[in-house]
Amino acid sequence: MAQITCRDLTLGYDNEVILKGLDFTVNSGDYLCIVGENGSGKSTLMKTILGLTPPLGGEILWGEGLDVNAIGYLPQQTLVQRDFPASVREIVLSGCQNRPGFRAFYKPEDRRKADRNMERMGILDMAKRCYRDLSGGQQQRVLLARALCSAEKVLLLDEPVTGLDPKITQEMYELIQGLNEEGITIIMISHDVEEAVRYASHILHIGKHVFFGPREEYIQSDIGKYFLLQEGGASEWEK
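If you're wondering where the values come from, they're calculated on a predicted model, not measured in any experiment.

A. Expanded view of the nonpolar core. Tyr31, Leu144, Leu155 and Tyr218 are the most contacted members of the largest nonpolar core, which totals 49 residues. Here the element with the most residues in this core is helix α5 (residues 136-150); it accounts for seven residues. Setting aside its immediate chain neighbours within four residues, Leu155 contacts Gly72, Leu144, Ala147, Leu148, Leu179, Ile184, Thr185, Ile186 and Ile187.

B. Fine view of the pattern of salt bridges. The full count for this structure, using the stated rule, is eleven salt bridges. Arg141 serves as the salt-bridge partner of Glu171, at 3.7 Å between the closest nitrogen and oxygen. Here Glu171, found in helix α6 (residues 166-181), pairs with Arg141, found in helix α5; they are 30 residues apart in sequence, far enough to count as distant. Judged by its relative accessible area of 27%, Glu171 is partly exposed. Close ionic contact of Glu216 with Arg215 constitutes a salt bridge, the shortest N to O distance being 3.6 Å. Here Glu216 falls in the partly exposed class, since its relative accessible area comes to 47%.

C. Representation of the side chain of Gln139 in the model. Within the secondary structure, Gln139 sits in helix α5. The class for Gln139 is buried, based on a relative accessible area of 3%. Apart from residues no more than four positions distant in its own chain, Gln139 is found in contact with Gln77, Arg82, Tyr131, Arg132 and Leu134.

D. How the structure looks around unusual backbone geometry. With a phi close to 65°, Asn15 is a non-glycine residue in the positive phi region. Counting through the fold element by element, Asn15 comes out in the loop between β1 (2-13) and β2 (16-27). The backbone of Glu159 shows a phi angle near 50°, a positive value even though the residue is not glycine.

E. The sheet that holds β1, seen in detail. Pairing is antiparallel in the open sheet, where three strands are placed in the order β2-β1-β4. Only two strands of the sheet have a single neighbouring strand rather than two, namely β2 and β4 (57-62). Across the sheet, the mean angle from the axis of one strand to that of its neighbour is 15°, orientation sign disregarded. Here β1 pairs with β2 via eight bridges, running antiparallel.

What counts and how
Residues numbered from 1 in each chain as written. Predicted model: local features only at pLDDT ≥ 70, side-chain atom pairs only at ≥ 80, totals over all residues. Heavy atoms only, no water. Core = buried A, V, L, I, M, F, W, Y, C linked by side-chain atoms within 4.5 Å. Buried < 20%, exposed > 50% of the residue type's maximum accessible area, 1.4 Å probe, protein only. Helix = DSSP H or I, 4+ residues; strand = E, 2+ residues; numbered from the N terminus. Contact = heavy atoms within 4.5 Å. Salt bridge = Lys/Arg side-chain N within 4 Å of Asp/Glu carboxyl O. Pairing = 2+ DSSP bridges. Axes fitted to C-alpha atoms, helices over the stretch in contact; angles between N-to-C directions.

In structure tokens, the structure reads:
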């Protein structure tokens, strides 16, 4: 079932066009990786899907029962955000504020949801710790738990492994894959084409050339072969 459909979408800001004529569909349970050169419009596309940046043309259609409030979002962190002086539980609970309806205070069901998602991310024992004292990988687990409190149908992840060491990066990819296997639709921006191909079900490559389709077709496409070769991974995927 289609959850998000973009038709003839034009991306940009301040009336400056970055990309036009973009068409793709995200179905329930997909794992879509958005890749492309720097400045190709990846983050602008994500902000447009979230309603933070209006499209300059075209439309975004939502599947039945889905709208922007049903999407959990994990943005790229800034240095200021990494130093935020709040407890892990407080940050995870704040994800419940993104759900529809006014909340002057957290309900017991919100607290249960936060505990459940902290447990899913393996951080329940860190609930009382200060967020600023955690490692980069632990902070990303906290933010994933927060995004899950916001919504559990679709997760939008903007470069979720940036700045993490290889071991923690692998753990994060496996966590995200596990969420997808639970039925959560994943839309993730990645600068790492090789890892995107390893985990994704579909690839959206934007830039001078645009590709959208299953990962197997991307591997065999000219654009896929070129960018995988740049990362030294073409031979692996052609086996």
